[in-house]
Amino acid sequence: MKSTETVKVVPARYPLRTVGAFVALFVLAAIVQSVAFNPRWEWAVFARWFFDPVILEGLGQTLLLTLLGTALSVVFGGLLALARLSASWLLSSLAWGYIWLFRSLPLIVVLIILYNFSYLYDTLSLGIPFTGIAWARYDTINVLGQFSTAVVGLTLVQSAYTAEIIRGGFLGVDHGQYEAAAALGLPAWRRTLRIILPQALRTILPSGFNEIISLAKGTAMVYVLAMPELFYTIQMIYNRTQQVIPLLMVGAVWYLAITSVLSAIQHLVERWLARSERRSAINPSRVRTPSAATARIPQPQEAVHANLS
């Protein structure tokens, strides 16, 4: 009679991982202790100003700038990406020149130039170049105020980066998809929106959300326009109270909250796209299985003609 032996499975042990975890926890505890129990951080001042109406008003301006800058840069950047991919050398060259220019200029330089645009041009007119024909004429100082200058500057710079992200997503789609879509006889706009864009979104979204997060933090640059967004509001308060560190921590925590919400939205959108792709790849409702009645019906056989000679 054969004896049965029980095999005991022992999980592999990684002592270096345990040591590394303890070291990381020790460093984290030291940082938390130094920040939480150091009276020079002035957490009472932080708590006093965190939900102050002035801070919340500046936060609202920051969120509005982020929303408008994102929406306009996606639209304008998408058009630039399509122009870069166009077969027309003129459209492609103009789009490349725009992207090259505004990716080269710092945002703060663009904002300062736009804010002083009325010094360069007294009026903005809509008409035919090199002629005296003008259908509309506006004073520049009335068109480009603080808020409009901030929105235009953020859009001009951000759309250049967004265009390259969208173009990279389109180039990541297999060329056979373009040929198959063209073979169906669909118009170009429908091929792009219904076939190419859904496949390119998986590549566009991670980089696109990174740019949105960068835009949310980049709104702090509009302080040069003396516009009361979050960072400029904090500057005005600590210049008056001389409580620099706690007020900077107020701004830092609010920016952390904004980026955390955007990261959560990115995670949810990516999960939704992955689920929809799996559902479209295997759709059980479209799988047709033969019924039992159909399976029992004998199939007619072809007659075999033999040549007897």
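Coordinates for the structure precede this section.
Participant: Is there a simple way to explain the overall build of the chain in this structure?
Facilitator: When helices and strands are counted, the chain shows 13 helices and 2 strands. Looking at the 309 residues of the chain, the share that counts as buried comes to 29%. Taking the intrachain contacts of the chain between residues at least 6 apart in sequence as the baseline, contacts between residues at least 24 apart amount to 70%.

Participant: Mind showing me how you'd approach the packing of helix α8 (residues 146–171) against helix α10 (residues 188–218) here?
Facilitator: Each packed pair of helices is defined by two parameters, the angle between the axes and the distance between the axes. Viewed as axis vectors pointing N to C, α8 and α10 meet at an angle of 145 degrees, and their least axial separation amounts to 8 Å. The interaxial crossing formed by α8 with α10 has right-handed handedness. Together, Leu154, Gln158, Tyr161, Ile165, Ile166, Gly169 and Phe170 of α8 and Thr192, Ile196, Leu197, Ala200, Thr203, Ile204, Ser207, Gly208, Glu211, Leu215 and Gly218 of α10 make up the contact between the two elements. Residues belonging to the contact of α8 with α10 are distributed by class as follows: 10 nonpolar, 7 polar and 1 charged.

Participant: Would you mind showing me how to read unusual backbone geometry here?
Facilitator: With a phi close to 60 degrees, alanine 226 is a non-glycine residue in the positive phi region. With respect to the element layout, alanine 226 can be found in the loop between α10 and α11 (230–241). Residue alanine 226 is classed as partly exposed on the basis of its relative accessible area, which comes to 33%. For glutamine 242, which is not glycine, the phi dihedral falls at a positive 65 degrees. Its place among the elements puts glutamine 242 in the loop between α11 and α12 (244–281).

Participant: Sorry if this is basic, but what is going on with the nonpolar core here?
Facilitator: Among soluble globular proteins, nonpolar side chains are generally buried collectively. Ile55, Leu230, Val250 and Trp254 are the most contacted members of the largest nonpolar core, which has 23 residues in total. Those elements that provide at least two residues to this core are α2 (43–50), α3 (53–84), α10, α11 and α12. The biggest single contributor to this core is α12, with 7 residues. If near-sequence neighbours (up to four positions away) are discounted, valine 250 is found in contact with Phe46, Trp49, Phe50, Ile55 and Ile234. Counting residues in each nonpolar core, the second largest holds 21 residues, with Leu65, Ala95, Val222 and Met227 among its members.

Participant: I keep staring at the pattern of salt bridges and nothing clicks. Help me out?
Facilitator: Opposite charge on two side chains permits them to pair, given that their charged atoms come into close proximity. All told, the structure shown has 2 salt bridges when counted by the stated rule. The residue glutamate 164 makes a salt bridge to arginine 84 at a minimum N-O spacing of 3.8 Å. Residue glutamate 164 is located in helix α8, and its partner arginine 84 is located in helix α3; the two are separated by 80 residues in the primary sequence. Judged on exposure class, the residue glutamate 164 and its partner arginine 84 are both buried. Note that glutamate 164 and arginine 167 form a salt bridge whose closest N and O atoms lie 3.0 Å from each other. Of this pair, glutamate 164 and arginine 167 both sit in helix α8, 3 residues apart, roughly one helical turn.

Parameters at a glance
- Residues numbered from 1 in each chain as written.
- Predicted model: local features only at pLDDT ≥ 70, side-chain atom pairs only at ≥ 80, totals over all residues.
- Heavy atoms only, no water.
- Helix = DSSP H or I, 4+ residues; strand = E, 2+ residues; numbered from the N terminus.
- Buried < 20%, exposed > 50% of the residue type's maximum accessible area, 1.4 Å probe, protein only.
- Contact = heavy atoms within 4.5 Å.
- Axes fitted to C-alpha atoms, helices over the stretch in contact; angles between N-to-C directions.
- Left-handed = near helix turned anticlockwise from the far one by under 90°.
- Nonpolar A, V, L, I, M, F, W, Y, C, P; charged D, E, K, R; others polar.
- Core = buried A, V, L, I, M, F, W, Y, C linked by side-chain atoms within 4.5 Å.
- Salt bridge = Lys/Arg side-chain N within 4 Å of Asp/Glu carboxyl O.

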